[in-house]
Amino acid sequence: MRPFLLHQGGMALALIFMIAGCVSHQPGGQWEIEPGVQQLVESGTVLADHRYYYLGSITAPDTVIAVSNAYTLRSRVWAEIELSETRLNGWLQWWRTEHYGPGCEFRGGLIITPDGRKAGIWYSRNIINIVRMPEPGVLEIYQPRTITGATCEQERDGDLWDGWF
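Just so you know, these numbers come straight off a predicted model, no measurement behind them.

Q: Just to check I follow, could you spell out the environment of isoleucine 127 for this structure?
A: Mapping isoleucine 127 onto the fold places it in the loop between strand E7 (118–124) and strand E8 (130–135). For the pair isoleucine 127 and arginine 145, spaced 18 residues apart in the sequence, the C-alpha separation amounts to 6.2 Å. If we skip the residues at most four places from it in the chain, isoleucine 127 touches Trp31, Ile33, Arg107, Trp122 and Arg145.

Laid out in structure tokens, this is it:
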């Protein structure tokens, strides 16, 4: 007779417990949809006292965030950019010509820290995100996803599992 963990899928159960033990249990912040932020971005307004970052192509990013100077962003995925109104308006023109279908329209909102403070804004087709604060004043903002767990780009291209495994 085999021990329980090796019997009938027990290895998968053991693996799940091992992975769960490695996951950080620190509280997380989030992205909150806020129509006023979407209107602000779409008006071509660049916020003072914020640093801008983007994901994707510099000519037509998939996502843009503005993080208050009160915080430092720690990330390997976000590229920092000194955003001008001219560049933002160029991005807006590009985004208006791209059509991804229902559920993948650009939205805007607030970046909320784990302790409930506003740390900046976001503009993206992908509306679900995790915001961590590993130490005071330092944020980790992950790549946003859709409700299905994919990105709008993956859903459009039919490759829902790209980047997950």
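Now that the structure has been shown, the text picks up again.
Q: Could you clarify how one ought to interpret unusual backbone geometry in this entry?
A: Most peptide bonds adopt trans geometry, and most residues besides glycine take a negative phi value. The residue aspartate 49 is not glycine, and still its phi comes out positive at about 60°. Residue position: aspartate 49 is located in the loop between helix H2 (35–42) and strand E2 (50–56).

Q: Please explain the packing of aromatic side chains as it appears in this structure.
A: The way to describe two aromatic rings as a pair is by their centre distance and the angle between their planes. Taken as a whole and assessed by the stated rule, the structure comprises 6 aromatic pairs. With a centroid separation of 4.5 Å and an interplanar angle of 15°, the aromatic rings of tryptophan 31 and tryptophan 122 are classed as stacked. One end of the pair, tryptophan 31, is in strand E1 (residues 29–33); the other, tryptophan 122, is in strand E7, and 91 residues separate them in sequence. Note on tryptophan 31: relative accessible area 6%, which makes it buried. Between tryptophan 95 and phenylalanine 106, the aromatic rings sit 4.9 Å apart at their centres with planes inclined by 35°, giving tilted as the arrangement. Highlighted residues: tryptophan 95 in helix H3 (residues 85–97) and phenylalanine 106 in the loop between H3 and strand E6 (107–112), separated in sequence by 11 residues.

Q: Is there a simple way to explain the nonpolar core in this structure?
A: Inside soluble globular proteins, nonpolar side chains tend to come together where they are buried. Core analysis: the biggest nonpolar cluster contains 17 residues, and Val41, Leu88, Trp91 and Trp95 have the highest contact counts within it. Listed by contribution, the elements that provide at least two residues to this core are H2, E2, strand E3 (61–68), H3, E6 and E7. Every residue in contact with leucine 88, bar those within four places of it in the chain, is listed here: Val41, Gly44, Thr45, Val46, Leu83 and Trp95. Formed by 16 residues, the second largest nonpolar core is a distinct cluster that contains Trp31, Tyr53, Leu55 and Val131.

Q: In this structure, what is going on with the side chain of threonine 113? I would like to understand it.
A: By the secondary structure assignment, threonine 113 is in the loop between E6 and E7. Apart from the residues lying within four places of it in its own chain, the contact partners of threonine 113 are Gly29, Tyr71, Ala119, Val131, Met133 and Leu139.

Q: Would you mind showing me how to read the pairing of E8 here?
A: For a regular strand, side chains alternate in direction, first toward one face of the sheet and then toward the other. Two elements, E1 and E8, share 2 bridges in a ladder whose sense is antiparallel. Paired with glycine 29 across the two strands is valine 131, which belongs to E8. For E8 and strand E9 (residues 138–141), the ladder comprises 3 bridges, and the chain directions are antiparallel. Within E9, the residue paired with arginine 132 across the bridge is glutamate 140. Two successive antiparallel strands, E8 and E9, enclose a turn made up of 2 residues, where glycine 137 displays a positive phi of approximately 80°.

Basis of the calculations
- Residues numbered from 1 in each chain as written.
- Predicted model: local features only at pLDDT ≥ 70, side-chain atom pairs only at ≥ 80, totals over all residues.
- Heavy atoms only, no water.
- Helix = DSSP H or I, 4+ residues; strand = E, 2+ residues; numbered from the N terminus.
- Contact = heavy atoms within 4.5 Å.
- Phe/Tyr/Trp six-rings, centres within 6.5 Å; stacked < 30°, edge-to-face > 60°.
- Buried < 20%, exposed > 50% of the residue type's maximum accessible area, 1.4 Å probe, protein only.
- Core = buried A, V, L, I, M, F, W, Y, C linked by side-chain atoms within 4.5 Å.
- Pairing = 2+ DSSP bridges.

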